[in-house]
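# Survey of secondary and tertiary structure
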Amino acid sequence: MTMPNFLLIGAAKSGTSSLYYYLKQHPQIYMPASRDQKEPDFFTLEGESKERIGPNGIHFMGNAITDLESYQELFTGVTDEIAIGEASTSYIYSEKAPQRIHNYIPDAKIIAILRDPAERAFSHFLFSLSNGREPEPDFKKTLEQEDWRVENNWSFQWHHKRRGFYYLQLKRYFDLFPPNQIKVCLYEDIRKDPIALTQDIFKFLGVDDTFVLNVAKVHNPTNVPKNQTINTLLNRPNPIKDSLKLFMPMGIRKKIAGTIKKKNLGKPKLSPKIRKQLIADYREDILKLQDLIGRDLSKWLEV
């Protein structure tokens, strides 16, 4: 059975969705076709339960794959592609994933894309809020609650701040894999020149780097609901939605819901005060990361 020879390991809300869809366009690259297969989280959750703890008790990770046979089935469509991969943003954060990856595919190439950790944490919070997963609408309070959440075994999906300590996370990979198997990109790279970035990754993967892809679409953008009650009604099961099913066709329901969602979205900015606090917490990690990956990250330290 086929296994991948490269992995896009994250970080979440750092451009991984865009990079995933860009790489999929290349005819010499194979990645699972379905959006539901985009983040199988196999190396994070192998042999573990799909039931995780969250704000409403048990949270079921429906798209997760926890057994090897099912994971290998993701790649049954491989033909003559040179690079075979998948993208799971939990891999960079997971303490178990690096060793599991090394055990199964020690020659795999590892790709990470990183974003200013303070902005990433805020974007992750907004994304969780917009899809109804995050119960606390105040970012400052979620940061104050995070240690409690971790101590009470809330799943990594609710760890907004801790997922930004990249040096600590990447060091696990550099301790196991040779540097020539690891490529670290920055969110700024994909925003500034996505074609140049992807062509550089094509070289890293050993595929035709002259292939020009379509980068017009922005994937998985983050916006936050202006009215959280409306957002909850649209995203979670409730009697109102159930009653509408009785007399309104699904197509019309989706169209109306889509219009309401769009009008209910905004784009808040991270407050300077909270940013300053987060930068103080991340500073040491950022400085170590600079040396590890050989990139100037001084802008991440600006308030």
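Residues numbered from 1 in each chain as written. Predicted model: local features only at pLDDT ≥ 70, side-chain atom pairs only at ≥ 80, totals over all residues. Heavy atoms only, no water.

### Here we look at the overall build of the protein chain
We count it as follows: Strands here mean DSSP runs of E at least two residues long; helices mean DSSP runs of H or I at least four residues long; both are numbered from the N terminus. Throughout this description, buried means an accessible area under 20% of the type-specific maximum (1.4 Å probe, protein chains only), exposed means over 50%, and partly exposed covers the range between. Throughout, a residue-residue contact means that at least one pair of heavy atoms, one from each residue, lies within 4.5 Å.
Counting secondary structure elements, the protein chain contains 14 helices and nine strands. Looking at the 303 residues of the protein chain, the share that counts as buried comes to 48%. Long-range contacts, defined here as pairs at least 24 residues apart, represent 74% of the contacts in the protein chain between residues at least 6 apart.

### So, the pattern of salt bridges
Condition: Within this document, salt bridges are pairs made up of a side-chain nitrogen of Lys or Arg and a carboxyl oxygen of Asp or Glu, the two lying within 4 Å of each other.
Tallying each qualifying case throughout the model produces 14 salt bridges. For Arg-149, the salt bridge identified is with Glu-134, shortest N-O distance 2.8 Å. Of the two residues, Arg-149 is situated in helix H7 (residues 139–151) and Glu-134 in the loop between helix H6 (117–130) and H7; the sequence distance between them amounts to 15 residues. A relative accessible area of 1% means that Arg-149 is categorised as buried.

### A short note on the sheet that holds strand S2 (residues 29–30)
Where we set the bar: Paired strands are those between which DSSP finds at least two bridges.
Across the sheet, five strands lie side by side as S2-S5-S1-S6-S7; this open sheet has parallel pairing. At either margin of the open sheet sits one strand with a lone partner, and together these are S2 and strand S7 (182–186). With five bridges connecting them, strand S6 (residues 109–114) and S7 associate as parallel partners. Within S7, the position partnered with Ile-110 by the bridge is Ile-182.

### Here's the deal with the nonpolar core
Test applied: Nonpolar core, defined: a set of buried Ala, Val, Leu, Ile, Met, Phe, Trp, Tyr and Cys residues in which side-chain atoms within 4.5 Å join the residues together.
Ranked by internal contacts, the top residues of the largest apolar core, which has 49 residues, are Phe-43, Tyr-71, Tyr-91, Ile-101 and Leu-114. The greatest single-element share of this core, amounting to seven residues, is contributed by helix H14 (residues 272–293). In this structure, Tyr-20, Tyr-22, Ile-111 and Leu-197 belong to the second largest nonpolar core, which totals 23 residues.

### Some words on the packing of helix H1 (residues 16–24) against helix H10 (residues 194–205)
Each pair of packed helices can be summarised by the angle the axes make with each other and by the distance between the axes. Counted only if it meets this: Geometry is summarised by axes, namely lines fitted to C-alpha atoms with helices restricted to the contacting stretch, and by angles between N-to-C directions that run from 0 to 180 degrees. Note on convention: near helix rotated counterclockwise from far helix by under a right angle means a left-handed crossing. Clockwise means right-handed. Each residue receives one of three labels: charged for Asp, Glu, Lys and Arg, nonpolar for Ala, Val, Leu, Ile, Met, Phe, Trp, Tyr, Cys and Pro, and polar for the others, Gly being one of them.
Look at H1 against H10: their axes get within 11 Å of each other, and the N-to-C directions meet at 65°. When you trace H1 past H10, the crossing you get is right-handed. Of the residues in H10, those in contact with Leu-19, Tyr-22 and Leu-23 of H1 are Pro-194, Thr-198, Ile-201 and Phe-202. For the contact of H1 with H10, the class distribution of residues is six nonpolar, one polar and no charged.

### Overview of unusual backbone geometry
Following Gly-10, the chain continues to Ala-11 via a peptide bond in cis, the omega torsion being 10°. Relative to the elements of secondary structure, Ala-11 occurs in the loop between strand S1 (6–8) and H1. The backbone phi angle of Lys-13 is positive, close to 60°, even though this residue is not glycine. Its place among the elements puts Lys-13 in the loop between S1 and H1. Positive phi is not limited to glycine here, since Asn-153 has a value of about 65°.

### Overview of the packing of H7 against H14
Where we set the bar: An angle below 35 degrees is treated as roughly parallel, one above 145 as roughly antiparallel, one from 65 to 115 as roughly perpendicular, and anything else as oblique.
Relative orientation of the contacting elements H7 and H14 amounts to 25°, with a least axis distance of 11 Å. One way to sum up the angle between H7 and H14 is to call them roughly parallel. Crossing of H7 against H14: the hand is left-handed. Along its contact with H7, which presents Phe-139, Lys-140 and Leu-143, the element H14 presents Ile-274, Gln-277 and Leu-278.

### Things to note about the packing of aromatic side chains
We apply this condition: Centre distance within 6.5 Å is the pairing criterion for rings of Phe, Tyr and Trp, where only the six-membered ring of Trp is used; planes under 30 degrees apart are then read as stacked, over 60 as edge-to-face, and the remainder as tilted.
Throughout the structure, instances matching the rule amount to 17 aromatic pairs. Ring centres of Phe-125 and Phe-139 lie 5.1 Å apart, and the angle between their planes is 40°; this geometry places the pair in the tilted category. Of this pair, Phe-125 sits in helix H6 while Phe-139 sits in helix H7, placing them 14 residues apart in sequence. Take Phe-125 and Phe-139: they sit in the same class, and that class is buried. With 4.7 Å between their ring centres and 55° between their planes, Phe-165 and Tyr-282 make a pair best called tilted. Of the two residues, Phe-165 is situated in the loop between H7 and helix H8 (166–174) and Tyr-282 in helix H14; the sequence distance between them amounts to 117 residues.

### Structural notes on the pairing of S7
Counting buried positions over the five residues of S7 gives five, a clear majority of the element. Burial of S7 is two-sided: the residues Ile-182, Val-184 and Leu-186 facing one way and the residues Lys-183 and Cys-185 facing the other way are all buried.

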